[in-house]
Amino acid sequence: MPESATPVTPVTFPPAFLWGAATSAYQIEGAVREDGRTPSIWDTFSHTPGRTAGGDTGDIAVDHYHRYRDDVALMAELGLNAYRFSVSWPRVQPTGRGPAVQRGLDFYRRLVDELLAAGIKPTVTLYHWDLPQELEDAGGWPERDTAYRFAEYAQIVGAALGDRVEQWITLNEPWCTAFLGYGSGVHAPGRTDPVAALRAAHHLNLAHGLGTVALRSVMPARNSVAISLNTSVVRPLSESPADLAAARRIDDLSGGIFHGPVLHGAYPGSLLEATAPVTDWSFVQGGDLELIHQPLDAVCLNYYTPTVVSAAEGDVRGPRADGHGASDHSPWLGADDVAFHQPPGEHTAMGWSVDPTGLHELIMRYHREAPGLPLYISENGAAYDDKPGADGTVHDPERIAYLDGHLKAVRRAVADGADVRGYYLWSLLDNFEWAYGYEKRFGAVYVDYETQERVPKSSARWYARAARTGTLPPVEPGE
Ligand code: FCB
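All figures in this text were calculated on a predicted structure; none of them were measured in a lab. Residue positions are counted from 1 within each chain, in the order its sequence is given. Under the rules for a predicted model, residues below a pLDDT of 70 receive no local features and side-chain atom pairs below 80 are neither given nor counted, while totals for whole chains, interfaces and linings still include all residues. Working from all heavy atoms in the structure, the side-chain values ignore hydrogens and water.

Novice: Explanation requested: the nonpolar core in the structure shown.
Specialist: Proteins that are soluble and globular tend to have nonpolar side chains buried together. Here, nonpolar core means buried Ala, Val, Leu, Ile, Met, Phe, Trp, Tyr and Cys residues that are tied together by side-chain atoms lying within 4.5 Å of each other. Remark: exposure states derive from per-residue accessible area (1.4 Å probe, protein chains only) relative to the maximum for the residue type, with buried under 20%, exposed over 50%, and partly exposed in between. Formed by 153 residues in total, the largest nonpolar core has its most connected members in Trp141, Phe150, Phe179 and Ile363. Considering every element that reaches this core, the biggest residue donor is helix H9 (residues 194-218), with eleven residues. Look past the residues within four positions of Phe179 in its chain and what remains in contact with it is Ser184, Gly185, Ala197, Leu198, Ala201, Leu253, Ile257, Phe258, Pro331 and Leu333. Secondary structure follows DSSP: runs of H or I at least 4 residues long count as helices, runs of E at least 2 residues long count as strands, and numbering of each begins at the N terminus. Any two residues whose heavy atoms approach within 4.5 Å are treated as being in contact.

Structure, rendered in structure tokens:
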């Protein structure tokens, strides 16, 4: 049979599946001094010499604050039926406490109305890393009060948008906030204090619980509240007891530390034991675990690449292959005897290995951790060195292959019984990739940072066909 005649089973998704894209406020909005916004920790951090590649900042980013109408029109043109964005805390509550700034809230009201008019379902993330600087000056996430401040902010945004936004996410990747922000220091606020990082993790959990209660107190009961976790898919290098123990350690530190209290009402005993040399966890107060353990409506998962570990001989501080940036301080507290390995095979421009089986594994794991709860892939995607060709078009066959492979993994998980309701590609647009600045392009849409022109890459066209038909299009060689 000639190759072209080989029957191919179409990979089709359930009719109500959400085909989305995701962004976050600081990475795209710009307009950092407009309409009453004050600095967040990311403004301070990115303006501190040596913190981001090329000294890049989010001052202008991709100017989404002024171009949101065109960006929504672009999403509609691409056939997306869902969009996940985050609200900038210092835009709506500049000092992190007290009354809201209506002009800030109005921006999100207009954005949501524009999305709804285009038939695109909005998903709001309340916290995607841009803590008001004043709250960091008061101690930041290691301080308990920040969790209460977050609940107040959640209530403000819930009251303003709860009538028109059904899907809510409290926190994005609390692991990054706690361990990259306060442990390894490669993210804002750039602190490197192990106890502060663990305190931050607990107060983020508390913020999630208090925020969930606050949202529900002001929103219609039909709305859904979830959290976005980036639990590592940890693979031991061998089945030796030492390597399995190393894998367990990293699993606890990336996953159990959050889903333990959030989904099961307890921190894993093995986590408490492994971190005992650092802290006795006395910052966990009576009643906290009940507060954190709120019933949820869904769980959102972010996945990019698996993590391969083994037990190390001696101390392995220093350069690591864990994909989270260079620092002399490990984000993996109490795991100095764990070595990280770069898996073989293909890698993205981040150096992250391409492995869709990890996404399937992650989904099936949360299918078990959170039985009966709908799951969403709230982020998945890849950075490549995309450049426009002579004709101005941008061809990114690697990204098409990445998306195709990962969407197939999602579909396999659905076939295996997981209730996955949607997928949000990271990211709609090229944008400010945190410490990597504008060097790493994750967008399905290319952005010319000089002119702010948006050019859908070939992956955006491919994804648009998938979104419109509910079936993965063929992956054309050289597309
Ligand atoms: C995730 C973040 C997102 C983006 C992607 C590449 O950790 O949530 O903002 O940086 O990684």
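Novice: Would you mind showing me how to read unusual backbone geometry here?
Specialist: Phi is mostly negative for residues that are not glycine, and the peptide bonds are mostly trans. In the segment running from Ala188 into Pro189, the intervening peptide bond is cis, with an omega of 5 degrees. Position of Pro189 relative to the elements: it lies in the loop between helix H8 (174-180) and H9. Following Trp426, the chain continues into Ser427 via a peptide bond in cis, with omega recorded as 10 degrees. Unusually for a residue other than glycine, Ala61 sits at a positive phi of about 50 degrees.

Novice: Hey, could you run me through the packing of aromatic side chains in this one?
Specialist: Both the distance between ring centres and the angle between the ring planes are used here to describe each pair of aromatic rings. Ring geometry is summarised as follows: Phe, Tyr and Trp rings, the Trp one being its six-membered ring, pair when their centres sit within 6.5 Å, and such pairs are stacked at plane angles under 30 degrees, edge-to-face over 60 and tilted between the two. The final tally for this structure, using the stated rule, is 33 aromatic pairs. Measuring from ring centre to ring centre gives 5.4 Å for Tyr26 and Phe432, while their planes differ by 90 degrees; the resulting arrangement is edge-to-face. Placement of Tyr26 in helix H1 (residues 25-28) and of Phe432 in the loop between strand S11 (420-426) and strand S12 (445-448) is noted, with a sequence separation of 406 residues between them. Both residues of the pair, Tyr26 and Phe432, count as buried. Taken together, Tyr26, Trp42, Phe45, Trp129, Phe432, Trp434, Tyr438 and Tyr449 form an aromatic cluster joined through their ring pairs. Criterion for a charge above a ring: Arg CZ or Lys NZ at most 6 Å from the ring centre, at most 35 degrees from the ring normal. Note that Arg91 overlies the ring of Tyr65, its terminal NZ or CZ placed 4.0 Å from the centroid.

Novice: Any chance you could explain helix H3 (residues 64-77) here in plain terms?
Specialist: Owing to its 3.6 residues per turn, the α-helix aligns residues three or four sequence positions apart on the same side. Look at H3: only 17 Å from first C-alpha to last across 14 residues, short of the 20 Å you get at 1.5 Å a residue. Bend at a residue means the angle formed by two fitted axes: the first through the 7 residues ending at that position, the second through the 7 residues beginning there. Its maximal kink placed at Asp70, H3 deviates by approximately 40 degrees. When H3 is considered as a whole, its buried residues turn out to be His64, Tyr65, Tyr68, Asp71, Val72, Leu74 and Met75. Once H3 finishes, Gly79 follows within two positions and takes phi at roughly 75 degrees, a positive value. In a helix, the anticipated span is given by 1.5 Å times the number of residues less one.

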